[in-house]
Amino acid sequence: MSISKESLLHAYRTMKTIREFEERVHAEIMNGQIPGFTHLYTGQEANAVGVCAHLDESDTIISTHRGHGHCIAKGADVSGMMKELFGSSEGLCKGKGGSMHVADIDKGILGANGIVAGGPPISVGSALAAKIRKNGKVAVSFSGDGSVNQGTCFEAMNMAVVLQVPAVFVIENNYYSEHTHIDYAVGCNDLKARTEAFGFPVFVADGADFFAVHEAAGKAIAHARAGNGPAGVFAEQGRYHGHFVGDPQAYRGEGELENLRENHDPLKVFRQHMATSGELSEGELDAIDAEVMAEIEQSVVDAKAAARPTPEQVTADVYIQYGATA
Amino acid sequence: MSISKESLLHAYRTMKTIREFEERVHAEIMNGQIPGFTHLYTGQEANAVGVCAHLDESDTIISTHRGHGHCIAKGADVSGMMKELFGSSEGLCKGKGGSMHVADIDKGILGANGIVAGGPPISVGSALAAKIRKNGKVAVSFSGDGSVNQGTCFEAMNMAVVLQVPAVFVIENNYYSEHTHIDYAVGCNDLKARTEAFGFPVFVADGADFFAVHEAAGKAIAHARAGNGPAGVFAEQGRYHGHFVGDPQAYRGEGELENLRENHDPLKVFRQHMATSGELSEGELDAIDAEVMAEIEQSVVDAKAAARPTPEQVTADVYIQYGATA
Amino acid sequence: MRTDPDVFLMGEDVSGGAGCDGEDDAFGGAFGQYKGLVKEFGRERIIDTPITESAFIGAAGGAAATGMRPIVDLMFVDFIGVCFDQIFNQMAKFRYMFGGKSRCPAVIRFSAGGGFSAAGQHSQAMYQVMTSFPGLKVVVPSNAYDAKGLLLSAIQDDDPVLFFEPKVLYQETAEVPDEMYTIPFGQANFVREGDDVTVVAFGQMVPKAAAAIDALAAEGISCDLIDPRTTSPLDEAAILESVRATGRLVVVDEAPPRCGLTADIAGLAADKAFSSLKGPIKQVCAPHSPTPFSPELEAAYIPNADKITAAIKATLA
Amino acid sequence: MRTDPDVFLMGEDVSGGAGCDGEDDAFGGAFGQYKGLVKEFGRERIIDTPITESAFIGAAGGAAATGMRPIVDLMFVDFIGVCFDQIFNQMAKFRYMFGGKSRCPAVIRFSAGGGFSAAGQHSQAMYQVMTSFPGLKVVVPSNAYDAKGLLLSAIQDDDPVLFFEPKVLYQETAEVPDEMYTIPFGQANFVREGDDVTVVAFGQMVPKAAAAIDALAAEGISCDLIDPRTTSPLDEAAILESVRATGRLVVVDEAPPRCGLTADIAGLAADKAFSSLKGPIKQVCAPHSPTPFSPELEAAYIPNADKITAAIKATLA
Ligand SMILES: Cc1ncc(C[n+]2csc(CCOP(=O)(O)OP(=O)(O)O)c2C)c(N)n1
Ligand SMILES: Cc1ncc(C[n+]2csc(CCOP(=O)(O)OP(=O)(O)O)c2C)c(N)n1
Ligand SMILES: [Mg+2]
Ligand SMILES: [Mg+2]
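Quick caveat: nothing in here was measured; it's all calculated off a predicted structure. (Residues numbered from 1 in each chain as written. Chains lettered and ligands numbered in written order. Predicted model: local features only at pLDDT ≥ 70, side-chain atom pairs only at ≥ 80, totals over all residues. Heavy atoms only, no water.)

Undergrad: It is not clear to me how the coordination of the magnesium ion (ligand 3) should be interpreted in this structure. Could you clarify?
TA: Six octahedral donors around a metal ideally make angles of 90 or 180 degrees; four tetrahedral donors ideally make 109.5 degrees. Residues and elements named next belong to chain A. D145 (OD), N174 (OD1) and Y176 (O) make up the full set of protein donors to the magnesium ion (ligand 3), lying at 2.0 to 2.1 Å. Positions of the donor residues of the magnesium ion (ligand 3), expressed as sequence spacing, correspond to D-x28-N-x1-Y. Of this pair, D145 sits in the loop between β2 (139-144) and α6 (151-163) while N174 sits in the loop between β3 (167-173) and β4 (176-177), and the two are 29 residues apart along the sequence. By relative accessible area, N174 is classed as buried at 6%. (Donors = N, O, S within 2.8 Å, 3.2 Å for Na, K, Ca; no water. Helix = DSSP H or I, 4+ residues; strand = E, 2+ residues; numbered from the N terminus. Buried < 20%, exposed > 50% of the residue type's maximum accessible area, 1.4 Å probe, protein only.)

Undergrad: For this particular structure, what's the right way to read the nonpolar core?
TA: Within soluble globular proteins, side chains that are nonpolar generally end up buried alongside one another. Of all hydrophobic cores here, the largest spans 210 residues; its most connected members are M130 and F164 of chain C together with M130 and F164 of chain D. Beyond its immediate sequence surroundings of up to four residues, F164 of chain C is in contact with V77, F110, A112, A125, M126, Y127, M130, V138, V139, V140 and P141 of chain C. (Core = buried A, V, L, I, M, F, W, Y, C linked by side-chain atoms within 4.5 Å. Contact = heavy atoms within 4.5 Å.)

Undergrad: Sorry, what's going on with the domain arrangement of chain C here?
TA: In many reports, interface size means the accessible area that the parts give up when they come together. All names here are of chain C. Domain boundaries assigned for chain C yield domain 1 (7-171) and domain 2 (189-316). Distance between the C-alpha centres of domain 1 and domain 2: 27 Å. Listed by partner, the interface residues are 24 residues for domain 1 and 26 residues for domain 2. Of the roughly 1,900 Å² buried between domain 1 and domain 2, counting both surfaces, carbon and sulfur atoms make up 54%. Of all residues in domain 1, S117, Y127 and Q128 give up the largest surface area on contact with domain 2, accounting jointly for 27% of the area buried on that side. Residues R229 and D146 are paired through a salt bridge, measuring 3.4 Å at the closest nitrogen-oxygen approach. (Domains from an automatic or database assignment. Buried area = accessible area lost by both parts, 1.4 Å probe. Salt bridge = Lys/Arg side-chain N within 4 Å of Asp/Glu carboxyl O.)

Undergrad: Just checking my understanding: could you explain the interface of chain C and chain D for this structure?
TA: Each side of the interface is counted separately: chain C has 51 residues, and chain D has 51 residues. Interface area, chain C with chain D, both sides summed: about 4,200 Å², of which 60% is carbon and sulfur. Three residues, Y96, R258 and C259 of chain C, lead the burial of chain C against chain D; their summed loss comes to 17% of the area buried on that side. Close ionic contact of K282 of chain C with D271 of chain D constitutes a salt bridge, the shortest N to O distance being 2.7 Å. Along the contact surface separating chain C from chain D lie 26 residue pairs in polar contact (both at pLDDT 80 or more). Breaking the side of chain C that touches chain D down by element, the ones donating at least two residues are α3 (84-97), α4 (127-131), β10 (230-232), α8 (261-272) and β12 (282-284) of chain C. Residues that form the side of chain C that touches chain D fall into these classes: 25 nonpolar, 18 polar and eight charged. (Polar contact = N/O pair within 3.5 Å; in protein donor to acceptor, adjacent residues only side chain to side chain. Nonpolar A, V, L, I, M, F, W, Y, C, P; charged D, E, K, R; others polar.)

Undergrad: I'm lost on the interface of chain B and chain D in this one. Help?
TA: Contact residues are listed per partner, giving 42 residues for chain B and 47 residues for chain D. Looking at the side of chain B facing chain D, the largest losses of area belong to M159, Y319 and I320 of chain B, adding up to 17% of the total buried there. Scanning the region where chain B abuts chain D turns up three salt bridges. With a shortest N-O distance of 3.8 Å, R95 of chain D and D317 of chain B are connected by a salt bridge. If one sorts the elements of the side of chain B that touches chain D by residue count, helix α5 (residues 119-133) of chain B sits on top with ten residues. By residue class, the composition of the side of chain B that touches chain D is 22 nonpolar, 13 polar and seven charged.

Undergrad: Help me understand the packing of helix α1 (residues 5-30) of chain B against helix α4 (residues 78-85) of chain B in this model?
TA: Two packed helices can be described by the angle between their axes and the distance between those axes. All names here are of chain B. Look at α1 against α4: their axes get within 12 Å of each other, and the N-to-C directions meet at 20°. As the angle between them shows, α1 and α4 are arranged roughly parallel. Every pair of crossing elements has a handedness; the one defined by α1 and α4 is right-handed. In this structure, α1 uses T17, F21, R24 and V25 to contact α4, whose residues at the interface are V78, M81, M82 and L85. Residues belonging to the contact of α1 with α4 are distributed by class as follows: six nonpolar, one polar and one charged. (Axes fitted to C-alpha atoms, helices over the stretch in contact; angles between N-to-C directions. Parallel < 35°, antiparallel > 145°, perpendicular 65-115°, else oblique. Left-handed = near helix turned anticlockwise from the far one by under 90°.)

Undergrad: Help me understand the environment of E312 of chain B, please; the structure alone is not making it clear to me.
TA: Mapping E312 of chain B onto the fold places it in the segment after α12 (282-305). A polar side-chain atom of E312 of chain B sits 2.8 Å from a polar atom in the side chain of T310 of chain B.

Undergrad: Please explain the site of ligand 2 as it appears in this structure.
TA: Taken together, the neighbourhood of ligand 2 is formed by 22 residues, with H65, R66, G114 and Y176 of chain B together with E53 of chain C sitting nearest. Residues close to ligand 2 are split across chains B and C. At 2.9 Å, a backbone N or O of S147 of chain B approaches an oxygen atom of ligand 2. Within the side chain of N174 of chain B, a nitrogen or oxygen atom sits 2.8 Å from an oxygen atom of ligand 2. Expressed as a share of its isolated accessible area of 580 Å², the protein-covered part of ligand 2 is 97%. Among the residues making up the shell around ligand 2, the classes are represented as seven nonpolar, ten polar and five charged. (Near = heavy atom within 4 Å. Areas by Shrake-Rupley, 256 points an atom, 1.4 Å probe, with all protein chains shown as cover.)

See the structure below:
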């Protein structure tokens, strides 16, 4: 499948945006500027971007606790996200959600989620809505290698098959759930096969390679969109930072992280592809880098200057018609 | 595997006891003598008995809402069960549990359970206790074809593999969960394969045939007892009565029930085997029938005469040391 | 459902017989509530599910967040434990956590409460627990007329609504008007009016309280009987107004005593109507134990008219 | 654990690093509480699990019912929704439903409450919800000394115990005695003694209430401050005795208002200490909303000393 130049530019820009967003968030957390619990997507950019390349605004995604990358890939406003992380009332969720709950329903983003495997059932509901309305939309859920051991995830997969809805399950294997390795947590030694045993095809990709993800996700999404029921994507990729910001990662083997950063960096891999194919020049990519850096810098400046919430806002937006009791 | 005459007699007696217990319970419910919600095991006797033949008192089982058969097969006192169903304070659970919660911890019966798939996680805990104590015990959970779609069931299976505990998952396929067919509810078309994909062997048997179940369960239990981690049994068998007592079963195909009763009756199948092998004579089997009928009759007489609970008993046994607040 | 194509119904055996060879409309819900619906609307909108509550309750949340108006049936509220997260952490919080930008018009129906000798895992009230979660609306009708009007309001509501049907009340047959009518949330019903004591009762306790109150009339004791109908939102004003007038309060619910609705209402009055109070606020509820199976035990467990009568008298003592 | 081979610890990353190539004792629980344990007791008794709360919480119930004394860690109590059934319907009810013939000595540890800008799904108190279920014991320590004594009691208890650790209190370092001591359940601690108002506070609200009370001393107002330490069983006698003496009551908790502990205690006093009451019973709690993320919002959400002070004064007005 050939990808247009415009799409390539967009893909690279988006991956770079995720990278710089996350690295800057990391720095701001270290500076004490961003409160709460934050999980970074650095190293996994190709996956979110490769999948979302096949979606438009009215398709939906649902994300995880590690949600920034998915949201950016699906088109969330970066400045609104940064403001949200800083806790501003101008943030995407008015400062009520923070990192673990960034969402933008209008963009088809059903939110990051603080509950592991909270998302897949919700995504099946979005897929069911698409099926009932016969509108050709698909619903994508992202799940980590750890989250797939959660009952809700299995239930969602079975029900999606039973109801034959256009749900796509993207499994991101970054080898760890917190500090526990996939080889321990997934009892069988073949997660792809276990997933396929539920009754839908799963397409495998190198999750550090945008082109590989793009291809696998393309197949899965086409399958679902065509009305053939659910499909899956299974992609391996490294997580550069710890589970959360500050995690010393002593559980990793020697040289593991260095190898990831050296040989499995989605941005590097993309640039290598471009060097080979010549589709985008180094100059074009460098220009994007510079624009992205400026955009992220601006988003932080804006976030720091943005309005802070006021106490009355605590009880707003609990219900639609009904005010708070207390 | 040859089975001793004593064991054959015991197996037949137990199956017959379950059958007559259930038929009598059915009649007493129709008479308005037994309150609450009751689910009968008639037609599935060979499965409980074939499995429990391999267990001794300190192995554990955990059952489902359709629990009478499992409890009787594991050695629960039939008279105590009948009293329990009648709501007597002399019942196995002092009239507090009823049909859906019959239990006898001393006999290794962790209870019927009103929550579909509530049992498997608990059973894994019993298996874990056995592993930590290195006492060679196994923990068996029974699950219906419907219950295996519940997240708790999947989680229990994966965790049993991860922890390599002696848990045995017995899946009883009676084709229906309430009024929904397995072909609808299990999205993939191969439940055995889906189960095995979790990483343990599953042994299949004709659940109407005691000998087939006995063999499959023997393999599964031996596997677990030997420290090889969990194993499964998958057996098909008919459910004669409706989901609950009173269910008109209009969802069944024509002739389906008649065929089950005619060709897949565990008691008939057992007698046919005996007629062929000559191990037990018709007279011996008839004698058991008569004894069982008398025992069940007596259990009902006793249950009707048994003490009724008094109001003070409501708040007893909530805690071990602590009395009720109210 | 006839008027809004976005409404659909989902749950285990809501039609029944999916995948079976027999009749299509074989069942219609655990209490036959949905009988006939699949014939009219088909399996596209009356959706049987596997036994997979997290998945289908979660799916209701997802469908609602993307524009549908699902009604899902959990059969017994006691099963809420296997899908609890999807209710209290997901649906309930979408709107708030997403900064007010989403809506989640899902209705979850439950049968609730005791009276069937269904023992500890099929007899719980649970609406008191769900009332504690902001973001959920909680409905507990006490009669068929209200149930219809409240259900229609629930379907039209843009927030997640938990609709609790006291299961003993399924046994009653009552005439309800054929036409469509709604009863607004947060508006209590004065079932009886009187001067001496305010009685607030929920669900299946309402007819029991009415019986107690009617009997007390002979002794010259007259009571307000308030059925809040929805526990969240709660019609605080109606309750406080009555308590300010009578000076005495009895609260009746079938749930156990700790952190329940009886304490909730008592606490409300002990703060905001304190100066009007003339006697202790009495709570009538189940004891601090699971629901027992045996009919005798269950009869001793669930509050009855005698206990309500005694409590009313105790406030007057 | 050193003295009883039946005790073991299980949960996600309680040691951390299972299946990994790196160091074995890499983690030790989400707040580092279990650091070092795996080195002493090994992976047989410090068991990392997959993310599978229903399975491992259920397994704790099963292991406890068959003679072990598991301690399981759920990390954040907010995750309770995915394993709720195993707690409130299974463990809590075994003993009762089985006619008193079983015991279930399991301890479940949770971090609870707000204060970390962790937003709606990682900041809930939830102990008020769990208090409503008969069959469970619920512990909410307010300081390190109590936590140790209550935890040792929990491990020795033969019923299922839910042990809530207010997570902001992890940040405190305090000296606790090295030796083993237990604090019995159902025995409140009088943190302050006074004559004018009874203040009952839970968990992280205890130090805040103490601060408010200490400041009020300058104005000549003296208060009893009661920390119940366990919400189930509850030391009703201590609370009632104090209220009978002071005639005024303020109850403080960080959970939202509906069907919570503040109402529970208020309801208790409005019945059993009614005749001693001299003023309205005030409840200080969070508003009826999920926990917001932004620090400013969270500061406005969680009760603080100012709100407690205002409530104390309101009872005296
Ligand atoms: C129900 C639930 N259990 C546990 C957690 C704590 N937790 C947060 S992230 C995480 C690990 C998730 O691993 P994985 O699914 O592989 O995603 P990754 O972090 O690798 O992206 C855990 C255990 C949670 N948030 N929710
Ligand atoms: C969590 C939960 N969901 C639903 C039910 C209602 N229910 C009771 S039995 C049953 C069907 C179970 O089917 P299966 O597992 O095949 O067992 P069978 O009845 O055929 O023995 C259902 C849905 C329940 N008790 N618990
Ligand atoms: Mg991972
Ligand atoms: Mg079945």
